[in-house]
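# Survey of secondary and tertiary structure
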Amino acid sequence: MFAAVAIVLGCVSLMFEPLATAQRGGNAAAGPPVKVTVNGREWTQQQLFQRNIGGQDDQTTQFPPHKIIGNMYYVGTVSLASFLIVTPQGNILINSTYERNIPVIQKSIEQLGFKFSDTKILLGSHAHGDHQEGDALVKQLTGAQVMAMAEDVPLLQAMKPGGKEHPIDKVLHDGDKVTLGGTTLVAHLTGGHTPGCTTWTTTAQEGGRSYNVMIGCSLRPPAMLTPALIDTFSASFKTVRALPCDVQLGDHGAQYNMQEKFAKLKDGGGNPFIDPASCKLEADIQEAMFRALLAEQQQAARP
Ligand SMILES: [Zn+2]
């Protein structure tokens, strides 16, 4: 069962099995998995993982493409987020997801009335297959420039679906800006889940106002925390909490309750994606899990 899951799910294949071991302190006979309660809801690591990826079909099934705010649109699947930013000089795509999802993303872009071939820049959240495996195919089909955070470049270069080299046209560093047609995105290094996990911020205009948009990168920690990872995650939680945010998005829709917010679009009230109060919730959940795992690890290490 675990082996099958690990093969199918690129994002977690590196950490799913280690998780099972570490939660038991390396001892199969040890206690139950670590649990945290945040905002009245209890989570285990495995439940957070399942929340993110949903059922197996959710990773490849189109979610209704929709406008989020201003020039930002959702073009991903039910559980794997992909965002389109439309500008007068072409479009920016964030997260190609799995290569087999490219036709789904293309269809979503076209259903919104845009052209896939107008994709000029391709960005990503982090170098796991469920978010960036399709980069080479997107570049092949659109000619988009692929830009990636330096710390994720080695993992991306190892990602070769069908033997295709992973394209990287520009290497980015923390704080770098990507601008196209009047829209600027800032790349924030929020490593841990992968070394170059990138949180993107930008602004979007709606109703004569400007809103801060934060596209979060996964903050889900592995069960085994090395001293270097402890430092990296601690810095990333601090970084994310300091970013301006009115609209919080993520690399899985579940990180920002996409389905619930999408359902509210039908109500015709205010834009449900503008929700500053929920901006820190995902960081709260993941940091609580991080602290709990760390505490367990430290306790297990005591003689
Ligand atoms: Zn991942």
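We now turn to the structure provided with this report. (Residues numbered from 1 in each chain as written. Predicted model: local features only at pLDDT ≥ 70, side-chain atom pairs only at ≥ 80, totals over all residues. Heavy atoms only, no water.)

Looking only at helices and strands, the protein has 11 helices and 14 strands in total. For the protein, with 303 residues in total, the buried portion stands at 54%. Looking at the protein alone, contacts between residues at least 24 apart form 65% of all its contacts between residues at least 6 apart. Taken as a whole, the protein presents about 12700 Å² of accessible surface, with 53% of it coming from carbon and sulfur. (Helix = DSSP H or I, 4+ residues; strand = E, 2+ residues; numbered from the N terminus. Buried < 20%, exposed > 50% of the residue type's maximum accessible area, 1.4 Å probe, protein only. Contact = heavy atoms within 4.5 Å. Areas by Shrake-Rupley, 256 points an atom, 1.4 Å probe, with all protein chains shown as cover.)

Time to look at the state of the cysteines. Scanning all chains against the criterion turns up two disulfides. Paired by a disulfide, Cys197 and Cys217 hold their sulfur atoms 1.9 Å apart. Between Cys197 and Cys217, the S-S torsion sits near -80°, and that sign places the bridge as left-handed. Taken together, the residues Cys197 in the loop between β11 (183-189) and β12 (198-206) and Cys217 in the loop between β13 (209-215) and α9 (227-242) connect sequence positions 20 residues apart. By relative accessible area, which is 0% here, Cys197 ends up buried. Through a disulfide, Cys245 is tied to Cys279; the S-S separation comes to 2.0 Å. Measuring handedness by torsion sign, the sulfur bridge of Cys245 and Cys279 sits at about -75° and is left-handed. (Disulfide = S-S within 2.5 Å.)

Attention now moves to the pattern of salt bridges. For the structure shown, the criterion picks out eight salt bridges. Among the salt bridges present, the one from Asp275 reaches Lys261, with a minimum N-O distance of 3.7 Å. With Asp275 in the loop between α10 (258-264) and α11 (281-301) and Lys261 in helix α10, this pair connects stretches of sequence that are 14 residues apart. The buried category is assigned to Lys261, whose relative accessible area is 6%. One continuous salt-bridge network, built from bridges that share partners, spans Arg241, Asp284, Glu287 and Arg291. (Salt bridge = Lys/Arg side-chain N within 4 Å of Asp/Glu carboxyl O.)

Glancing now at the sheet that holds strand β8 (residues 145-149). Here we have seven strands laid out as an open sheet, ordered β3-β4-β5-β6-β7-β8-β9, and mixed in their pairing. Looking at the sheet topology across the chains shown, the edges are occupied by β3 (66-69) and β9 (170-172). Direction aside, the axes of adjacent strands within the sheet are offset by 25° on average. Of the strand pairs in this sheet, strand β7 (residues 119-123) and β8 are connected by two bridges, and their pairing is parallel. Its bridge partner being in β8, Leu122 is matched across the sheet by Val146. (Pairing = 2+ DSSP bridges. Axes fitted to C-alpha atoms, helices over the stretch in contact; angles between N-to-C directions.)

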